[in-house]
Amino acid sequence: MTMKLYHISSSRSVRPLWVLEELGLDYDLETLDLKFGSSGGENYKKIHPYNKVPALTDGDMTMYESVAIMQYIMGKYGHGHLSPKTDSLEYGPYLQWLHFGESSLAPNIVTLMYQLYLFKEEQRSEDIKSHAKREISKYLKMLEDYLGDKDYILESGFSAADISVGYSLLLLRLAQAKDLMTPRLDKYWKTITDRPSWEKISKL
Ligand SMILES: N[C@@H](CCC(=O)N[C@@H](CS)C(=O)NCC(=O)O)C(=O)O
């Protein structure tokens, strides 16, 4: 039975989609329209009780959370691609950056999106907006420092950590907060998206 990924364009489902494409796996894709709280309607509630994406089904198994789905696909079907071996010195830092994308960067970027345009003006707060901006800048600096002059997060090359963090940089672009991007991270963004897999998924 083929895996099925539930997707909304430019949403967190980009992460597992990128993994599926990089690994060249067969999958079905169901694309939903974004409707906060009800994407996919009543039918999709059977897959995700709160209508969020991504979700993945594989036979009788259903799961959500983008980074967990990435780990599931790589662990079960990845044959060691996109992640270093567990006995490698890179394994710890790899896990750290894999989770950093969603756990540290994304929540602050989403908060900023609410403060910039998702909330009505009377719901917005200058304090929350500037706090989110400061946190994002701090995390981006951590990323820049770790990247140094490497092309990718890991010395050994492109990995799922770049996919996880890379998606959050896409989110930052969508947040209309380009002022927070730095020339170094722009260069990194160009490097990780200069791949046939990105060419395909950026249109989905
Ligand atoms: N931590 C979750 C976040 C999932 C999430 O918030 N997805 C957003 C799209 S990026 C969504 O479905 N938003 C619509 C909604 O909340 O109704 C993950 O990484 O999968």
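Heads up: the structure comes first, above all this text.
## Re the sheet that holds strand β2 (residues 27-31)
Strand order in the open sheet formed by 4 strands is β2-β1-β3-β4, and the pairing between neighbours is mixed. Each edge of the open sheet carries a strand with a single partner, namely β2 and β4 (61-64). Shown here is a sheet whose adjacent strand axes are inclined to one another by a mean of 20 degrees, direction ignored. For strand β1 (residues 3-7) and β2, the ladder comprises 5 bridges, and the chain directions are parallel. The residue bridging Tyr6 from the neighbouring strand is Glu30, located in β2. Where helix α1 (residues 14-23) meets the sheet, it contacts β1 and β2, and its direction lies at approximately 140 degrees from that of β1.

## Some thoughts on the side chain of Ser168
Structurally, the position occupied by Ser168 is in helix α6 (residues 160-174). Exposure remark for Ser168: the relative accessible area of 0% places this residue in the buried category. A polar atom in the side chain of Ser168 sits 3.0 Å from the side chain of Arg15. Each residue touching Ser168, except ones within four places of it in the same chain, is listed here: Arg15, Gly101, Leu105, Ala106 and Ile109.

## Focus on helix α4 (residues 91-118)
Given 3.6 residues per helical turn, the α-helix brings residues three or four places apart onto the same face. The first and last C-alpha atoms of α4 sit 37 Å apart over 28 residues, in line with the 40 Å expected at 1.5 Å per residue. At Phe100, α4 shows its maximal bend, which comes to roughly 50 degrees.

Quick notes on the rules
- The numbers attached to residues start from 1 for each chain and follow its sequence in the written order.
- Given that this is a predicted model, residues contribute local features only at a pLDDT of at least 70 and side-chain atom pairs are listed and counted only at 80 or more, while totals for whole chains, interfaces and linings are drawn from all residues.
- Based on all heavy atoms of the structure, the side-chain values leave hydrogens and waters out of the count.
- Paired strands are those between which DSSP finds at least two bridges.
- Put simply, DSSP marks the helices as runs of H or I at least four residues long and the strands as runs of E at least two long, and each gets a number from the N terminus on.
- In this analysis an axis means a line fitted to C-alpha atoms, helices contributing only their contacting stretch, and an angle means the value between N-to-C directions, from 0 to 180 degrees.
- Contacts are assigned to residue pairs with any non-hydrogen atoms lying within 4.5 Å of each other.
- Buried residues are those whose accessible area, probed at 1.4 Å on protein chains only, stays under 20% of the maximum for their type, while exposed residues exceed 50% and partly exposed ones sit between those limits.
- Polar contact is the term for a pair of N or O atoms within 3.5 Å; when the atoms are in protein, one must be able to donate a hydrogen and the other to accept it, and sequence-neighboring residues count only if both atoms are side-chain atoms.
- What a helix should span is 1.5 Å times the count of its residues minus one.
- The bend reported for a residue corresponds to the angle between axes fitted to the seven residues ending at that residue and the seven starting there.

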